[in-house]
Amino acid sequence: DVKVTQSSRYLVKRTGEKVFLECVQDMDHENMFWYRQDPGLGLRLIYFSYDVKMKEKGDIPEGYSVSREKKERFSLILESASTNQTSMYLCASKSGSGYEQYFGPGTRLTVT
Amino acid sequence: KQEVTQIPAALSVPEGENLVLNCSFTDSAIYNLQWFRQDPGKGLTSLLLIQSSQREQTSGRLNASLDKSSGRSTLYIAASQPGDSATYLCAVNDYKLSFGAGTTVTVRA
């Protein structure tokens, strides 16, 4: 079974802090994704990566950056956290030839 | 830009009743469509994936249909159980996944 893990289930940070969210997958998938999920807005794609050191902007990249130094790990970085970044963050992975995305358990981030 | 709509937003049924969840999308040029289940505060679990060339896909009590030309998919859950209570999301894959806002299902015992 594909396993996607995220470093924290719940995180509370202060406005202006730099925040790192980590995602690790164990299936040697080429593609990895970061989404945020908000009530009434559904899931929105922030960034994705199709290879090590490669990244592409999604629909809402502003205020975020990403890092993929190793194939199994994809990090989402909030350079200076703001209250409007309070959300559920979900990571997913997919093989290069496959169709299904596999999701992690999510990180509930609260910025105060 | 792909728009995905799920109606209704919420649904409450007695145990044993069949569930019908609807998903519509605006651009029919898709690779596939995926149905997910999400329990409160949790991640997404993939239920079914239908390729654009398929009309339906089945897994146990779940059956999903796809009508690409009309931009619609339907998820049927037969003989619902309280354990089916969750939010169901559909996602359309053109070159990336676009999600609907979900249908929250409550199955009453």
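As the structure is a prediction and not an experimental result, all values here were calculated from the model. Residue positions within a chain follow its written sequence, with the count starting from 1. Written order decides the labels, with chains lettered from A and ligands numbered from 1. It should be noted that, the model being predicted, local features are given only for residues of pLDDT at least 70 and side-chain atom pairs only at 80 or more, the latter also being counted only at that level, while totals for whole chains, interfaces and linings use all residues. Side-chain metrics rest on all non-hydrogen atoms present in the structure, leaving aside hydrogens and water.

(A) Layout of the interface of chain A and chain B. Residues are treated as being in contact if the distance between any of their heavy atoms lies within 4.5 Å. Contact with chain A, which involves 16 residues of that partner, is made by 17 residues of chain B. Joining two parts hides part of their accessible area as seen by a 1.4 Å probe, and the buried area is that hidden amount summed over both. Counting the surface chain A buries against chain B, the share from its top three residues, Leu43, Tyr99 and Phe103 of chain A, is 34%. The rule for a salt bridge is simple: a side-chain nitrogen of Lys or Arg has to be within 4 Å of a carboxyl oxygen of Asp or Glu. At the junction of chain A with chain B, the criterion picks out one salt bridge. For Lys96 of chain B, the salt bridge goes to Asp59 of chain A, with nearest N and O atoms at 3.0 Å. As used in this structure description, the phrase polar contact means that two N or O atoms lie within 3.5 Å; if the pair is within protein, one of them must be able to donate a hydrogen and the other to accept it, and residues adjacent in sequence are counted only when both atoms belong to side chains. Where chain A meets chain B, there are five residue pairs in polar contact (both at pLDDT 80 or more). Put simply, DSSP H or I for four residues or longer makes a helix, DSSP E for two residues or longer makes a strand, and each gets a number counted from the N terminus. Of all the secondary-structure elements, those providing two or more residues to the side of chain A that touches chain B are strand S4 (31–38), strand S5 (42–49) and strand S9 (87–94) of chain A. Broken down by element, the residue count for the side of chain A that touches chain B peaks at three residues, all from S5 of chain A. Polar here means any residue other than Ala, Val, Leu, Ile, Met, Phe, Trp, Tyr, Cys and Pro, which are nonpolar, and Asp, Glu, Lys and Arg, which are charged; Gly is therefore polar. Residues that form the side of chain A that touches chain B fall into these classes: eight nonpolar, five polar and three charged.

(B) Summary view of the packing of aromatic side chains. Residues and elements named next belong to chain A. Any Phe, Tyr or Trp ring, taking Trp's six-membered ring, that has another such ring centre within 6.5 Å forms a pair; planes under 30 degrees apart are called stacked, those over 60 apart edge-to-face, and the others tilted. Applying the stated criterion across every chain, the model contains eight aromatic pairs over all chains. Between Phe33 and Phe48 the ring centres are 6.0 Å apart and the planes differ by 25°, which places this aromatic pair in the stacked class. With a gap of 15 residues between them, Phe33 in strand S4 and Phe48 in strand S5 connect regions that are remote in the sequence.

(C) Spatial organisation of unusual backbone geometry. For the peptide bond that leads from Ile7 of chain B to Pro8 of chain B, omega is 5°, which places it in the cis range. Mapping Pro8 of chain B onto the fold places it in the loop between strand S1 (4–7) and strand S2 (10–14). Residues other than glycine seldom take positive phi values, yet Lys53 of chain A does so here, at roughly 65°. Here Lys53 of chain A shows up in the loop between S5 and strand S6 (56–57). Only protein chains enter the area calculation, which uses a 1.4 Å probe; residues under 20% of their type maximum are buried, those over 50% are exposed, and those in between are partly exposed. By relative accessible area, Lys53 of chain A is classed as exposed at 57%. The phi dihedral of Ala79 of chain B falls on the positive side, at around 45°, and the residue is not glycine. Here Ala79 of chain B lies in the loop between strand S8 (72–77) and strand S9 (86–93).

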